[in-house]
Protein chains: 4
Amino acid sequence: MIVVMKPHATEEMVQAMVRRVEEMGLKAHVIVGEERTVIAAAGVKRDRHQTELESCEEVEKVVPIVAPYKVASKETKPEPTIVSTRNLKIGGSHVGVIAGPCSVESEKQILQVAHQVKAAGATGLRGGAFKPRTSPYSFQGMKEEGLKLLALAREETGLAVVTEVMTPHHVEMLSQYADVLQIGARNMQNYHLLQAVGETRLPVLLKRGPSASIEEFLLAAEYILDQGNKQVILCERGVRTFETHTRFTLPLATVPYLHERTHLPVVIDPSHGTGIASLVPPMCAAAIAAGCDGLILEVHPDPSRAMSDGAQSLTPQAFAETMQACRKVAEAVGKELG
Amino acid sequence: MIVVMKPHATEEMVQAMVRRVEEMGLKAHVIVGEERTVIAAAGVKRDRHQTELESCEEVEKVVPIVAPYKVASKETKPEPTIVSTRNLKIGGSHVGVIAGPCSVESEKQILQVAHQVKAAGATGLRGGAFKPRTSPYSFQGMKEEGLKLLALAREETGLAVVTEVMTPHHVEMLSQYADVLQIGARNMQNYHLLQAVGETRLPVLLKRGPSASIEEFLLAAEYILDQGNKQVILCERGVRTFETHTRFTLPLATVPYLHERTHLPVVIDPSHGTGIASLVPPMCAAAIAAGCDGLILEVHPDPSRAMSDGAQSLTPQAFAETMQACRKVAEAVGKELG
Amino acid sequence: MIVVMKPHATEEMVQAMVRRVEEMGLKAHVIVGEERTVIAAAGVKRDRHQTELESCEEVEKVVPIVAPYKVASKETKPEPTIVSTRNLKIGGSHVGVIAGPCSVESEKQILQVAHQVKAAGATGLRGGAFKPRTSPYSFQGMKEEGLKLLALAREETGLAVVTEVMTPHHVEMLSQYADVLQIGARNMQNYHLLQAVGETRLPVLLKRGPSASIEEFLLAAEYILDQGNKQVILCERGVRTFETHTRFTLPLATVPYLHERTHLPVVIDPSHGTGIASLVPPMCAAAIAAGCDGLILEVHPDPSRAMSDGAQSLTPQAFAETMQACRKVAEAVGKELG
Amino acid sequence: MIVVMKPHATEEMVQAMVRRVEEMGLKAHVIVGEERTVIAAAGVKRDRHQTELESCEEVEKVVPIVAPYKVASKETKPEPTIVSTRNLKIGGSHVGVIAGPCSVESEKQILQVAHQVKAAGATGLRGGAFKPRTSPYSFQGMKEEGLKLLALAREETGLAVVTEVMTPHHVEMLSQYADVLQIGARNMQNYHLLQAVGETRLPVLLKRGPSASIEEFLLAAEYILDQGNKQVILCERGVRTFETHTRFTLPLATVPYLHERTHLPVVIDPSHGTGIASLVPPMCAAAIAAGCDGLILEVHPDPSRAMSDGAQSLTPQAFAETMQACRKVAEAVGKELG
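All of these numbers come straight from a predicted model, not from anything done at the bench.

Parameters and conventions
- Residues numbered from 1 in each chain as written.
- Chains lettered and ligands numbered in written order.
- Predicted model: local features only at pLDDT ≥ 70, side-chain atom pairs only at ≥ 80, totals over all residues.
- Heavy atoms only, no water.
- Axes fitted to C-alpha atoms, helices over the stretch in contact; angles between N-to-C directions.
- Helix = DSSP H or I, 4+ residues; strand = E, 2+ residues; numbered from the N terminus.
- Parallel < 35°, antiparallel > 145°, perpendicular 65-115°, else oblique.
- Left-handed = near helix turned anticlockwise from the far one by under 90°.
- Contact = heavy atoms within 4.5 Å.
- Nonpolar A, V, L, I, M, F, W, Y, C, P; charged D, E, K, R; others polar.
- Salt bridge = Lys/Arg side-chain N within 4 Å of Asp/Glu carboxyl O.
- Buried < 20%, exposed > 50% of the residue type's maximum accessible area, 1.4 Å probe, protein only.
- Phe/Tyr/Trp six-rings, centres within 6.5 Å; stacked < 30°, edge-to-face > 60°.
- Lys NZ or Arg CZ within 6 Å of the ring centre and 35° of its normal.
- 1 Å grid on protein atoms, 1.4 Å probe; cavity = no way out; pocket = protein on both sides within 12 Å on 5 of 7 lines; lining within 4 Å.
- Points joined across faces, edges and corners; volume = space filled by probe spheres on them.
- Buried area = accessible area lost by both parts, 1.4 Å probe.
- Least-squares fit on C-alpha atoms with pLDDT ≥ 70 in both.
- Disulfide = S-S within 2.5 Å.
- Polar contact = N/O pair within 3.5 Å; in protein donor to acceptor, adjacent residues only side chain to side chain.

A.B. asks: Quick rundown of the packing of helix α3 (residues 107-120) of chain D against helix α11 (residues 316-332) of chain D? Include the residues and the values.
C.D. replies: A packed helix pair is summarised by two numbers, namely the angle formed by the two axes and the spacing between the axes. All names here are of chain D. For the pair α3 and α11, interaxial distance at closest approach is 9 Å and the crossing angle is 20°. In terms of axis orientation, α3 runs roughly parallel to α11. Crossing of α3 against α11: the hand is right-handed. Residues Q116, V117 and A120 of α3 form the contact with α11, whose own contacting residues are P316, F319, A320, M323 and R327. When the residues that make up the contact of α3 with α11 are grouped by side-chain class, the tally is 6 nonpolar, 1 polar and 1 charged.

A.B. asks: Before we move on, could you go through the pattern of salt bridges and cite the residues and values that matter?
C.D. replies: Considering all chains together, one arrives at 57 salt bridges over all chains under this definition. When the shortest N-O distance is used, the salt bridge between R20 of chain A and E52 of chain A registers 3.4 Å. Taken together, the positions of R20 of chain A in helix α1 (residues 11-23) and E52 of chain A in helix α2 (residues 47-54) put the pair 32 residues apart, joining distant regions of the chain. Each member of the pair, R20 of chain A as well as E52 of chain A, carries the same accessibility label: buried. Close ionic contact of R305 of chain B with D302 of chain B constitutes a salt bridge, the shortest N to O distance being 4.0 Å. For D302 of chain B, a relative accessible area of 33% puts it in the partly exposed group. Because the salt bridges share partners, they merge into one network encompassing E23 of chain A together with D302 and R305 of chain B.

A.B. asks: Explain the environment of A160 of chain C to me, and be specific about the residues and the numbers.
C.D. replies: Residue and element names in this part refer to chain C. The topology assignment puts A160 in strand β9 (residues 160-164). We classify A160 as buried; its relative accessible area is 0%. When neighbours within four sequence positions are excluded, A160 is seen to be in contact with T85, R86, L88, T123, G124, L125 and D179.

A.B. asks: Quick rundown of the packing of aromatic side chains? Include the residues and the values.
C.D. replies: The final tally for this structure, using the stated rule, is 4 aromatic pairs over all chains. For the ring pair Y191 of chain C and Y223 of chain C, a centre distance of 4.3 Å and an interplane angle of 20° mean the geometry is stacked. Taken as a pair, Y191 of chain C in helix α6 (residues 191-198) and Y223 of chain C in helix α7 (residues 214-225) lie far apart in primary sequence, 32 residues in all. The residues Y191 of chain C and Y223 of chain C share a single accessibility class, namely buried. Here the guanidinium or amino end of R237 of chain B rests over the ring plane of F248 of chain B, the centre of that ring lying 4.1 Å away.

A.B. asks: With reference to specific residues and values, describe the layout of surface pockets.
C.D. replies: Size it by volume and the second largest pocket reaches roughly 250 Å³. What lines the second largest pocket is a set of 16 residues, and nearest its centre among them are P282 and A285 of chain B together with A289, A290 and V333 of chain C. If you list the elements that add at least two residues to the lining of the second largest pocket, you get α10 (280-289) and α11 (316-332) of chain B together with α8 (254-261) and α10 (280-289) of chain C. In terms of residue count, α11 of chain B provides more of the lining of the second largest pocket than any other element does, 5 residues in total. Of the residues that constitute the lining of the second largest pocket, the class distribution is 12 nonpolar, 3 polar and 1 charged.

A.B. asks: A description of the environment of S84 of chain D should follow, citing residues and the corresponding values.
C.D. replies: Residue and element names in this part refer to chain D. Assignment of secondary structure puts S84 in strand β5 (residues 83-85). Taking the C-alpha atoms as reference, S84 lies 9.4 Å from G96; in sequence the two are 12 residues apart. Among all residues touching S84, those that are not within four sequence positions of it are K89 and Q231.

A.B. asks: Tell me about the interface of chain A and chain C, and please be specific about residues and values.
C.D. replies: For interface size, the figure often reported is the accessible area lost on association. Taken together, the contact between chain A and chain C spans 27 residues of the former and 27 residues of the latter. Both faces combined, the contact of chain A with chain C buries some 2100 Å², and carbon together with sulfur accounts for 66% of it. Per-residue buried area on chain A facing chain C is highest for I31, I65 and E75 of chain A; these three make up 25% of the total on that side. If you look at where chain A meets chain C, you find 2 salt bridges.

A.B. asks: So what's going on with the relation of the copies chain A and chain C? Which residues, and what values?
C.D. replies: Note on the copies: chain A fits chain C at an RMSD of 0.0 Å, the axial shift is 0.0 Å, and the rotation between them is 180°. The superposition operator between the copies reduces to a two-fold rotation axis. Judged by C-alpha distance, F242 of chain A is the residue of chain A that lies nearest the rotation axis, at 2.0 Å. The share of interface residues of chain A whose copies in chain C are also at the interface is 100%, consistent with both copies meeting through the same surface.

A.B. asks: Could you give me a rundown of the state of the cysteines, with the residues and numbers involved?
C.D. replies: The bond known as a disulfide is covalent and runs between the sulfur atoms of two cysteines. A complete count under the given rule lists 0 disulfides over all chains for this structure. With no disulfide of its own, C292 of chain C lies closest to C284 of chain C among cysteine sulfurs, the gap being 8.4 Å. Between C326 of chain D, a free cysteine, and C284 of chain D, which holds the nearest cysteine sulfur, the sulfur-to-sulfur gap is 4.9 Å.

A.B. asks: Any details on the relation of the copies chain A and chain B? Residues and values, ideally.
C.D. replies: For these two chains of identical sequence, chain A goes onto chain B by a turn of 180° and a shift of 0.0 Å along the axis, with RMSD 0.0 Å. Looking at the interface residues of chain A, 100% of them are also at the interface in chain B, so both copies use one shared face.

A.B. asks: Got a sec to walk through the packing of helix α7 (residues 214-225) of chain D against helix α8 (residues 254-261) of chain D? Specific residues and values, please.
C.D. replies: Residue and element names in this part refer to chain D. Two elements in contact, α7 and α8, have axes separated by 12 Å at closest approach and are oriented at 55°. Viewed along their axes, α7 and α8 adopt a mutual orientation that is oblique. As for how α7 packs across α8, the hand of that crossing is right-handed. When α7 is examined against α8, the residues I214, F217 and L218 are found in contact with a partner set consisting of T254, Y257 and L258.

A.B. asks: Describe in detail the interface of chain A and chain B, supporting the description with residues and values.
C.D. replies: Counting from both sides, the interface comprises 49 residues of chain A and, opposite them, 49 residues of chain B. Summed over both partners, the interface of chain A with chain B comes to about 4200 Å²; 49% of that surface belongs to carbon and sulfur atoms. Contact with chain B buries area across many residues of chain A, yet T134, Y137 and H192 of chain A alone supply 14% of it, more than any other trio. On inspection of chain A and its partner chain B, the count reaches 4 salt bridges. At the junction of chain A and chain B, the tally comes to 25 residue pairs in polar contact (both at pLDDT 80 or more). Listed by contribution, the elements that provide at least two residues to the side of chain A that touches chain B are α1, α2, α6 (191-198) and α7 (214-225) of chain A. Ranked by the residues each element gives to the side of chain A that touches chain B, the list is headed by α2 of chain A, at 5 residues. Among the residues making up the side of chain A that touches chain B, the classes are represented as 17 nonpolar, 17 polar and 15 charged.

These results come straight from atomic positions and should not be treated as a statement about function.
Given below as structure tokens:
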């Protein structure tokens, strides 16, 4: 932690700050520059130390040196984490593909699409039974009935089921049906929910909040990891920026950036990341070329009849073509799709 | 709803789309322009109609005409909603002032600051007992013990207690201590939580998410209103933008913009909105001049010893001076502070 | 400058970096922490030193300690700069008011509006003769003819003329007509233009670019100051964020933040900052309460017939009412309007 | 253009608006919905019509139907534009590669790097002689001397020279040395400069401004095209968002989105887009997989001694490895690199 004093801080103020730093059990090094005096504070820091020092009037700013996430850090565990459940493998040389509709709508719909995405090469099945919707007047999902249909689709196809959990008291029930619990972007900082899924031993797919920094994202993962659940999959699904021509802005540099800092695998969601079906195939290819460990995609038998997110859903045929194109890109970067 | 067809849509495609619109129970009007054909669809719309039409391949875009929030809308209820509990009045000609520490830290701390802010003119007391913290390793609040201290401070001062609820199963317990339930920015779209507070009859202070659009913000309020709880206070606390010199960017135009669209009162949080204590007083004055219905502020007896958010907390003395300055601005715009 | 070494940097790498820092003529202080080694580099730095050190492979990051602007800094000149030309006074206890149409459209229009804004209390007249327009097919201004009309309006009313210059070779010509040269937001980093206006001795109103950081904004001012022109007025006109309900997001915290760092006066443009005429009056009041040194506003005799920016222009009557309301707020904060 | 009337607009107001629309030479269609009346205005529109209608008090909003760019639009010219100069081919099946240092620093530096990038497969040479720098105190480039060195490097290697022009009166001089004129991101809306390069017959590489919308980007291209210069290369170099872990946020969905709307080729700049050398190689691969027509990259013989942008520059060896990896990805998507 580097404490930068204000321009005209007196020797006395600097000494008072040094005592303060030492009271925290840290070692203080004073460096007198031409325009500012800075105090480097070394030792085991606690989050509140920074807050406290920043609040001192004679301090201009405090610069942290070490990232605050620990268990998620590559410094803690250098080798990559591979999440594997049923046929779905995410991480290492595997690019897992999770496909399916935004919402489970009927038995016919989910079974049909499950078989279609399986045939095209998917190894995971997505489908929402509990749907977080911006408006209270929108379709909120089939709830437990939808989970049963997902389980049925799994039975028929062998695909791992990935589905969203919205509130802590649903975690137990969903755990009976799901292979991977998904935390939606809106809930990335719903800490009670993160702790609840952290207490299970199911893999968790954690979506980045639309305005979360990478540090906040990894700290959200840390809430899960801290409960002993080590199988966290990070999912970039686009961030909210001034751009309005796409639903969100999809920053693929997240992939290599996270790979430099964390051992957790990184999955891309180009459906939400763009919001436009025709942009999904090129962004799948780009995500793989950027080194991602998996894709999560919306596929609907008839997007124009979908109860949610139709505009960004691929048809089963477009999905099959996308898989073919992506397989070549995966090979070009030394990975295996599906 | 206006459906814009793609440039080279044939007459046949237009007719198919007209049938589709009519199947939805809407009336279709076709307008053939020089470069595009558009279909105006009039009637009672459901959210999913837009989604469905957007997914049709021959459609370029769908433009909604009417905002999707209803109960929150001024079109439903033109006169402003005034929230009043104990001495705290928010709305109409009253600019309510809720002040207190980020976190309840001890009996001494909360009682001291409660008396101080009361003396300076506050009518509500803020203080977190359950704290949503970015890192799992940060101080998480005193929990129920903290709530008891807040109730004690209320008993001594008469200030209305405003405190945050983080998860649905805490709502009942918090309702025993709080006068106003606060939904934090991170939980603005935690729909189960919104519904749970909607089922109480306590006023709810709903913070805008850092990247929520105004429409999403009002739809989050709608989740609460839809449960029959009509006392929703909207709180702007800053949005996340490219600006890093302040903690968030505080867009005060939110105040008059919301006042044009909703009857719900609007409160400003300049502490989180700027993150820097020295910027809080001018932004309080600016918020009042912009027409806000209340302020929520962090005040700590010794900010440099605060367990959270010290850098943005006012000292009791700075708060008292701010109140004095704000009283004049409130008068200048025909309002009453506190 | 603080150089943070990568986690596993060896003693050798640290020593190499120390030599490197010393080659730059800086003094190096090594601080060995538990998780990182940092090197504090004190002395006179040049911009490229940071770049060089950042590029070294064993360096994690370089944290600058001192802001790169000099002449604009309050550390160089603590007392506020007041810009005064004809009746227009900006800074100190004066809140200057510059009003007028987006574009000069005709003699009748500009003379009419000049008299109207003068009567209501404005001391400056804005009006574009050279218009930067997003589309090449939009009205580009009346050019020199427009400048002559502005000069005529000045003659009749005594208002100081503020008008935009778009390219270096126009500077001389515009200087014959203008009292204040305006640099538009799109040109904030058009360095040749900044240098050209820096060579004149006319006050310059420099608009913040829609995504410029405060540091970039002050460095743009520094380009002008560095040429010897000390009369720079900083203008916040809104930044581009994810918000779309207003044209831009107007961050009023810019006002006190800049006042803490620079002696230059700060003017607010709520017309561009919101893009919606009905939001302009409350944001004028808020800007004054936040401590601004001036306002620049669009006023048009008949906004619905304006050739540009009609939606954000006040009618002369709305402007007069706004001035009345603002006068009270200015008094409340100890300032004088106009 | 769709004009949405305010909720309680009377029949009279609607009729007045219809007359207004007809005065503009447009045909008006009135559609009376349950909650709003809308007027569809068909015909040849001029930019100012939208502005005028938006300014009418009884109008809630005006929704444009057709994009305002014309010459850049795929509707005007469906087949893709291919820019070809010396060995550099951008567009069609060619992924052009422009590489070189941020700034020309010396004869030795530019010749060395030119030979190195040529050997690795580049077909264009970048290098700044006139440098737009955020601070007036930073290195501003070698100016004409630098251009001569670029011409020398071209002579020796055959690489096409791409270099930035900052102000209109330099256009003629730069045209003697450059094969492609680059407009930097800061100058995307410097309209006099756009017109000046539009008057030449050299290809222009136009960088997207860091907060420019796609529509503004294409309208900037339109300024060049409108002067008769048809060889415009669009360059995405990252946008400014709340993300700070990378220098900018690089939105690769720009590539397929632009390809759907314009015939102009699209080039990606992952050096500025990320600002971190280690992220450049994966983002090059991702850009190609997303379908881009070219790359522009910073390569420096010794990044840690670079006078600008060292942190984002590849070493010649890293560049050669990147080219090898990219060649495979290009093949996988049916394109040819270089």
